[in-house]
Amino acid sequence: LFTAIEMAPRDPILGITEAFNADKNPAKINLGVGVYYDNNGKVPLLDCVKKAEAILMEKGAPRTYLPIDGLAAYDKAVQELVFGAGSAVINEKRAITAQAIGGTGALKLGADFLQRFAPGAQVWISDPSWENHRALFESAGFTVNNYPYYDPSTRGVNFSGMLGALQTMPSGSIVLLHACCHNPTGADLSAAQWLEVIQVVTERGLVPFLDMAYQGFGDGIEADGKVVRQFADAGGPLFVSNSFSKSFSLYGERVGALSIVAVSAEEAARLLSQLKRVIRTNYSNPPMHGGQVVAMALATPELRQLWEDELAGMRVRIREMRQLLVAKLKEKAPAHDFDFVIQQRGMFSYSGLTKEQVSRLASEYSIYAVDTGRICVAALNSTNIDKVVEAISKVL
Ligand code: LMR
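Residues numbered from 1 in each chain as written. Predicted model: local features only at pLDDT ≥ 70, side-chain atom pairs only at ≥ 80, totals over all residues.

In the nomenclature of an unreviewed UniProt entry, the chain is known as Aminotransferase of Actimicrobium antarcticum. Under Cofactor (unreviewed entry), UniProt gives the following word-for-word description of the chain: "pyridoxal 5'-phosphate". According to its UniProt record, the chain has this under Sequence similarities (unreviewed entry): "Belongs to the class-I pyridoxal-phosphate-dependent aminotransferase family." (UniProt positions renumbered as here; feature names shortened; annotations may be inferred.)

What follows is the structure, encoded as structure tokens:
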């Protein structure tokens, strides 16, 4: 049975962590995976999480099954965060939200759901996109295409190329868009460009699927989520996957959600019933802990404020690292212009390093990045940045 099975390739992102873990050099640095580290190089356990956990421990709730679509208080809190409390889609009961196993799990639920009800549609993702987007939708049975997105010559978005592609996609095509902090490039659309995208997507009857894994890491919670609300106001259908892995530093708890906007409350009820079947035949119902923590933190004013402050702290530190990286590279590699790093948003920088340069960073300096040249700026700190700058200047 197993003799013909070939070795699968290493995962382009999590495979780097495997290589990093195997490296014996104590001074190794992992700029591969999208994880935020504090200035001491530690993944933080947020105070808002600790406080929520203390309350939950005190309560000592039994570990019964959650509903198929997750903890009701969590789904409600997510909906209000994503669409805005009092928004039309919530008031009119046109939005459904199901707790998911992280942002990846939310994408998978959406992909499986769409495969059941729109099996002939094709999926379009940005060129480039998060490595797992293509694999996820292909494994759900879709043909996945790229629309133009990144322009290496300007280090920004090839907006006319993107718009042109949207204008020629068949109606019903599923368009995966990064709501903020584009992964891997860090190049986001401007507010005016988003409005044009929303107009074309709506007019042409495309199905927008917004992936929002980094809300709060760009310009703030409200600003980063704005495009989701604008899409929701445009009517629907709309799919939104969101994640609290990064914003709550709850990576291992796998806390995310899938929301779908329907045209009516009656349609939304039908969609939820079908989404529950997708979940039930996949993993039955989600785990409790992470969802309880996030629900409590989002719904308790004191904890909510604490979370917003802690998230702002992470956002500001990443910005500082961008500034510092650029300033230090100016000194060490003056022939190269890295100013674009400051404009990029979120955890990542599409650094422009080639695959060969990335490979040398790993083999000669034990500094790990994604083959495409994506580096996680959120893993830089005041202790390791000089080593990174020195190594980059050597491989350039
Ligand atoms: C990343 O892009 O590094 C993160 O989203 C982690 C992952 O699962 O790939």
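**Focus on helix H6 (residues 131-139)**
Within H6, burial applies to His133, Leu136 and Phe137. Down the axis of H6, the buried side of the element spans an arc of 90°, and every buried residue falls inside it. Where H6 is buried, its residues touch helix H5 (102-117), strand E3 (123-127), strand E4 (144-148) and strand E7 (174-178). (Buried ≥ 20, exposed ≤ 12 C-beta atoms within 10 Å, placed from the backbone. Helix = DSSP H or I, 4+ residues; strand = E, 2+ residues; numbered from the N terminus. Arc of directions from axis to C-beta. Contact = placed C-beta atoms within 7 Å.)

**A few points about helix H14 (residues 355-365)**
Among the residues of H14, Val358, Leu361 and Ala362 are the ones counted as buried. For H14, the angular spread of buried residues about the axis comes to 90°, placing them on one side. The exposed set on the far side of H14, more than 90 degrees from its buried face, consists of Glu356, Ser363 and Glu364. Downstream of H14 by one or two residues, serine 366 has phi in the positive range, about 55°.

**Some thoughts on unusual backbone geometry**
For the peptide bond that leads from aspartate 127 to proline 128, omega is 0°, which places it in the cis range. With respect to the helices and strands, the residue proline 128 is situated in the loop between E3 and H6. The omega torsion of the bond from glycine 236 to proline 237 falls at 5°, within 30 degrees of zero and hence cis. As for its position among the elements, proline 237 is in the loop between helix H9 (221-233) and strand E9 (238-243). The backbone of arginine 155 shows a phi angle near 60°, a positive value even though the residue is not glycine. Relative to the elements of secondary structure, arginine 155 occurs in the loop between strand E5 (150-151) and strand E6 (156-157). Given 20 C-beta atoms within a 10 Å radius, arginine 155 is considered buried. Positive phi is not limited to glycine here, since cysteine 181 has a value of about 50°.

**Considerations on the domain arrangement of the chain**
Note on interface size: it is often stated as the accessible area lost on association of the parts. With domains assigned, the chain is organised as domain 1 (14-45 + 304-395) and domain 2 (65-299). Summarising the inter-unit geometry, the C-alpha centres of domain 1 and domain 2 are found 27 Å apart. Listed as interface residues are 24 residues of domain 1 and, on the opposing side, 22 residues of domain 2. Among the elements of the structure, helix H12 (301-332) and strand E11 (348-350) are those that each provide at least two residues to the side of domain 1 that touches domain 2. Residue contributions to the side of domain 1 that touches domain 2 peak at seven residues, all from H12. Grouping the amino acids of the side of domain 1 that touches domain 2 by side-chain chemistry returns 14 nonpolar, five polar and five charged. (Domains from an automatic or database assignment. Nonpolar A, V, L, I, M, F, W, Y, C, P; charged D, E, K, R; others polar.)

**Details of the sheet that holds strand E2 (residues 95-101)**
One open sheet accounts for seven strands, arranged E2-E10-E9-E8-E7-E3-E4; its pairing is mixed. Two strands bound the open sheet, and with one partner strand each, they are E2 and E4. Within this sheet the neighbouring strands show an average axis-to-axis angle of 25°, counted without direction. Contacts from helix H7 (residues 159-168) reach E4 and E7 within the one sheet, and its direction differs from that of E4 by about 135°. (Pairing = 2+ DSSP bridges. Axes fitted to C-alpha atoms, helices over the stretch in contact; angles between N-to-C directions.)

**Side note on the packing of H7 against helix H8 (residues 191-203)**
It is at 9 Å that the axes of H7 and H8 come closest, and there the two elements cross at 15°. As summarised for this structure, H7 and H8 are arranged roughly parallel, according to the angle between their axes. When you trace H7 past H8, the crossing you get is right-handed. Where H7 abuts H8, its residues Phe159, Leu163, Leu166 and Gln167 lie against Gln193, Glu196, Val197, Val200 and Val201. Of the residues contributing to the contact of H7 with H8, the split by class is six nonpolar, two polar and one charged. (Parallel < 35°, antiparallel > 145°, perpendicular 65-115°, else oblique. Left-handed = near helix turned anticlockwise from the far one by under 90°.)

**Notes on the nonpolar core**
Within the largest apolar cluster, 119 residues are counted, with the highest numbers of intra-cluster contacts made by Val175, Val228, Ala297, Met347 and Val377. Here this core takes eight residues from H12, the largest share from any one element. Both domains that meet at this core, namely domain 1 (14-45 + 304-395) and domain 2 (65-299), each give it at least three residues. With near-sequence residues (within four places) excluded, alanine 297 lies in contact with Cys48, Val49, Ala52, Leu303, Arg304 and Trp307. (Core = buried A, V, L, I, M, F, W, Y, C linked by C-beta atoms within 7 Å.)

**A word on the site of the ligand**
Contacts to the ligand come from Ile13, Val33, Gly34, Trp130, Asn132, Asn183 and Ala213. Its residues assigned to classes, the shell around the ligand comprises four nonpolar, three polar and no charged. (Near = placed C-beta within 6 Å.)

**Brief notes about the pairing of E3**
The two faces of the sheet receive side chains in turn, since in a regular strand these alternate between them. Among the five residues that make up E3, four are buried, leaving the element largely enclosed by the rest of the structure. Sheet topology note: the E3/E4 ladder contains five bridges and is parallel. The partner of tryptophan 124 across the bridge, within E4, is asparagine 145. You can see the chain leave E3, run along H6 and come back into E4, and the turn it takes is right-handed. (Right-handed = clockwise from strand over helix to strand, strands pointing away.)

**Focus: the environment of glutamine 292**
Take glutamine 292: it is sitting in helix H11 (residues 289-299). On the neighbour-count criterion, glutamine 292 (22 C-beta atoms within 10 Å) is buried. Here the alpha-carbon distance between glutamine 292 and glutamate 53, two residues 239 residues apart in the chain, equals 8.6 Å. Not counting chain neighbours up to four residues away, the residues in contact with glutamine 292 comprise Leu56 and Leu71.

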